[in-house]
Amino acid sequence: MTDFLPVLLGSDANVYGMARSFFEEYAVRSACICKRRLVATQNTRLLAEVAEEPCLEEDAVFVSTLLGFAKRHAGRSLLLVSCADGYTILMARNRAALQNAYRMACPSLETVLALDMKERFYAACEAHGLAYPKTAGCTAENYKTVELPFDFPCIIKPSNSMEYWNCSFAHKKKVFLAHSRAEFDEITAAIYGSSYRDSLVLQEYIPGDDNCMRVLNCYSGQDGKVKLMALGRPLLEEQTPEGIGNYAAILSVRDDALMEKIRAFLEDVGWKGFSNFDMKYDSRTGEYKLFEMNPRQGRSSYFVTASGYNLAKWITEDLIEGKEQGLTIANAESLWMIAPFGVIRKYLADKELLRKAEALRRAGKCAHQLFCREDFSVKRLAWYLKSQLNYYRKTARYYGNKGLRG
């Protein structure tokens, strides 16, 4: 195989999962380029190099940083992989400047922007016959007077995740749930009292526990055809303000009818590279309703690799080896966790799902996102054990809290 170096954009748990995937499949250590190094990628042997640039989100800095890195690694094939929405947008916007230095799977800027912004994604769902929750929106100008076309509870989330990430206010959460107009007014006033100025997405609440959610990770090749699809059933979501909407544990499952709809959608819009869909089963209508599409693999996407379908394999065969690939549908049961199993056991109300998870765990068909035996060190083990114990505390503190309080 050609000597290649995976270059991962970001430094969170998603980056660690991708670095682990590349190491397990090819015994290669990745490089990481990020604004700052987060705790998930500290004290790891899976990264050969980490380059930090606080202004990486600026186009000129992004291009100069990546071209400088490429120059220092002349002679190697560099495989550029985005691990966050904003980096995918930067890659798409600066494709012309980077395409001679890097191999990368990235749609056009127009395609990314048409699907990453939530309102535009719902318009695409409408055009392709995909179900989504009843949705409205508000702006900094009309949030005080906006009328909702559905009853409370109401989900409140930013349309522009990149801008929202950079704002701050007391009790900020990734997603809010308002049970009344008074709570709605309090939450929206707090958001627009910060530096955030883009629109908000307002949605009906789909009833059901976390295990009614589904997460789908896909890879589409340079020919625009979907090559890999892997579906997961979350057992529990994370509960911290910054973690709401991220998953704490996932069972690998399969639903051919659902995946066929998404495959047709991705190929119709001409998608290339990784994509990640979050959705929830609505028992009132018998449909899966899509919440969002992320222009990258999901934060929890290591569950795909752990089930036997290594994500690194598909992008490497496509971009580095140029292999012909058909469509692969993941079809293996496994359990993925980022939280300790004790937390899952305590908060997963569905006893049948819990028995299945326990059986997979006993059978050894279980993977922990941030624990890799090949990446052992005393420092990393100490951090990992401390973070696992911390899950009990923070889950108990924040469980069920999606309002504007601590």
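Details of the structure are given in the entry above.
The residue numbering used here restarts from 1 in each chain and proceeds along that chain's sequence as written. Reporting in this predicted model follows two pLDDT cut-offs: at least 70 for local features of residues, and 80 or more for side-chain atom pairs to be given and counted; totals over whole chains, interfaces and linings ignore these cut-offs and use all residues. Values shown for side chains rest on all heavy atoms present in the structure; no hydrogens or waters enter the calculation.

Novice: Outline the overall build of the protein, supporting the account with residue identities and numerical values.
Specialist: Of the regular secondary structure elements, the protein holds 14 helices and 17 strands. We compute the radius of gyration over the C-alpha atoms and compare it with the globule rule, which gives 2.2 Å times the number of residues raised to the power 0.38. Since a compact globule built from 406 residues should have a radius of gyration of about 22 Å, the 21 Å found for the protein is in line with a globular shape. Principal axes of the C-alpha set define a box for the protein whose edges measure 60 × 50 × 40 Å. Counting all 406 residues of the protein, 57% fall into the buried class. Pairs of residues are marked as contacts when any of their non-hydrogen atoms sit within 4.5 Å. Summarising the internal contacts of the protein: among those between residues at least 6 apart in sequence, 69% fall at separations of at least 24. The Shrake-Rupley method, run with a 1.4 Å probe, gives the accessible areas here. Residue values count only the displayed protein chains as cover. For the protein, the exposed surface amounts to about 17,000 Å²; the carbon and sulfur share of it is 50%. Once the 54 positive and 49 negative side-chain charges of the protein are each reduced to a mean point, those two points are 6 Å apart. Comment: elements are numbered from the N terminus, with helices defined as DSSP H or I runs of at least four residues and strands as E runs of at least two. Only protein chains enter the accessibility calculation, which uses a 1.4 Å probe. A residue is then buried if its area is under 20% of the maximum for its type, exposed if over 50%, and partly exposed in between. Here the positive residues are Lys and Arg and the negative ones are Asp and Glu; neither His nor the chain ends is included. A charged residue contributes its charge at one atom only: NZ of Lys, CZ of Arg, CG of Asp or CD of Glu.

Novice: Can you lay out the pattern of salt bridges for me, pointing to particular residues and giving the numbers?
Specialist: The term salt bridge refers to a side-chain nitrogen of Lys or Arg lying within 4 Å of a carboxyl oxygen of Asp or Glu. In this structure the tally under the stated criterion is 23 salt bridges. One salt bridge connects Arg284 with Glu204, and the closest N-O pair in it is separated by 3.4 Å. Here the residue Arg284 occupies a position in the loop between strand S13 (273-282) and strand S14 (287-294), and Glu204 occupies one in strand S9 (residues 200-204), the gap between them amounting to 80 residues. The exposure class assigned to Arg284 is partly exposed, which follows from its relative accessible area of 48%. Overall, the relative accessible area of 8% leaves Glu204 in the buried class. Put simply, Glu267 and Arg263 hold a salt bridge, and the shortest N to O gap is 2.6 Å. Here the residue Glu267 and the residue Arg263 both occupy positions in helix H9 (residues 256-269), the gap between them amounting to 4 residues, near one helical turn. Residues joined in a network through salt bridges with shared partners are Glu204, Asp282, Arg284 and Lys289.

Novice: With reference to specific residues and values, describe unusual backbone geometry.
Specialist: Residue Pro153 is bonded to the preceding Phe152 through a cis peptide linkage, with omega at 5°. You can see Pro153 is positioned in the loop between strand S6 (135-138) and strand S7 (154-158). The phi dihedral of Asn43 falls on the positive side, at around 55°, and the residue is not glycine. A residue is classified by how much of its surface remains accessible, and Asn43, at 38% relative accessible area, is partly exposed.

Novice: Got a sec to walk through the sheet that holds strand S4 (residues 77-82)? Specific residues and values, please.
Specialist: Ordered in space as S3-S2-S1-S4-S5, the 5 strands form an open sheet in which the pairing is parallel. One side of each edge strand has no neighbouring strand; the edge strands of this open sheet are strand S3 (47-52) and strand S5 (103-104). Note on geometry: axes are C-alpha line fits, over the in-contact stretch for helices, and angles between N-to-C directions span 0 to 180 degrees. Contacting strand S1 (4-9), strand S2 (30-34), S4 and S5, helix H3 (residues 85-93) crosses the sheet at an angle of about 130° to S4. Here helix H11 (residues 311-321) sits on the sheet in contact with S1, S4 and S5, set at roughly 140° to S4. Paired strands, in this sense, are two strands between which DSSP finds at least two bridges.

Novice: I'd love a proper account of the nonpolar core, names of residues and values included.
Specialist: Throughout this description, the term nonpolar core refers to a set of buried Ala, Val, Leu, Ile, Met, Phe, Trp, Tyr and Cys residues connected via side-chain atoms within 4.5 Å. Counting 65 residues, the largest nonpolar core has Phe22, Leu235, Ile315 and Ile344 as its most contacted members. The dominant element in this core, judged by the number of residues it contributes, is helix H1 (residues 13-26), at 7 residues. Core analysis: the second largest hydrophobic core is formed by 47 residues, Val7, Ala51, Met104 and Phe277 among them.

Novice: Residues and numbers for the packing of aromatic side chains, please.
Specialist: For Phe, Tyr and Trp, rings pair up if their centres lie within 6.5 Å, where Trp contributes its six-membered ring, and each pair is then called stacked (planes under 30 degrees apart), edge-to-face (over 60) or tilted (otherwise). What the rule picks out here adds up to 17 aromatic pairs. With 5.3 Å between their ring centres and 35° between their planes, Phe371 and Tyr384 make a pair best called tilted. A residue pair is termed long-range when its members are at least 10 positions apart, and Phe371 in the loop between strand S17 (366-368) and helix H14 (378-398) and Tyr384 in helix H14 qualify at 13 residues. For Phe371, a relative accessible area of 27% corresponds to the partly exposed category. For Tyr384, a relative accessible area of 10% puts it in the buried group.

Novice: With reference to specific residues and values, describe the environment of Arg214.
Specialist: Looking at where Arg214 falls in the secondary structure, it is placed in strand S10 (residues 213-220). Here the alpha-carbon distance between Arg214 and Asn294, two residues 80 residues apart in the chain, equals 14 Å. Not counting the four nearest positions on each side in its chain, Arg214 is found in contact with Leu231, Gly232, Arg233, Pro234, Tyr247, Phe277, Asp278, Met279 and Tyr288.

Novice: With reference to specific residues and values, describe the packing of H3 against helix H5 (residues 109-116).
Specialist: Put simply, H3 and H5 touch, their axes get as near as 8 Å, and they point 155° apart. In terms of orientation, H3 and H5 fall into the roughly antiparallel class. Here Asp85, Thr88, Ile89, Ala92 and Arg93 of H3 lie close against H5, whose contacting residues are Leu109, Val112, Leu113 and Asp116. All amino acids are sorted into three groups, where Ala, Val, Leu, Ile, Met, Phe, Trp, Tyr, Cys and Pro are nonpolar, Asp, Glu, Lys and Arg are charged, and the leftover types, Gly among them, are polar. The residue inventory of the contact of H3 with H5, partitioned by class, reads 5 nonpolar, 1 polar and 3 charged. Oblique is the label for every angle not falling under 35 degrees (roughly parallel), over 145 degrees (roughly antiparallel), or within 65 to 115 degrees (roughly perpendicular).

Novice: Please set out the sheet that holds S7 residue by residue, giving values where relevant.
Specialist: Across a sheet, strands are paired by hydrogen bonds formed along the backbone, either parallel or antiparallel in direction. What the 4 strands build is an open sheet, ordered S6-S9-S7-S8; its pairing is antiparallel. The two strands at the open ends of the sheet, each matched to only one other strand, are S6 and strand S8 (176-178). Geometrically, the sheet is characterised by an average inter-axis angle of 30° between neighbouring strands, direction not taken into account. For S7 and S9, the ladder comprises 5 bridges, and the chain directions are antiparallel. If you follow Ile156 over to S9, its bridge partner there is Leu202. This element, helix H6 (residues 118-128), spans S6, S7 and S9 of the sheet and lies at about 50° to S9. Contacts between helix H8 (residues 181-192) and the sheet are confined to S6, S7, S8 and S9, with S8 contributing the most and set at about 145° to the helix.

The analysis is restricted to geometry; functional conclusions fall outside its scope.
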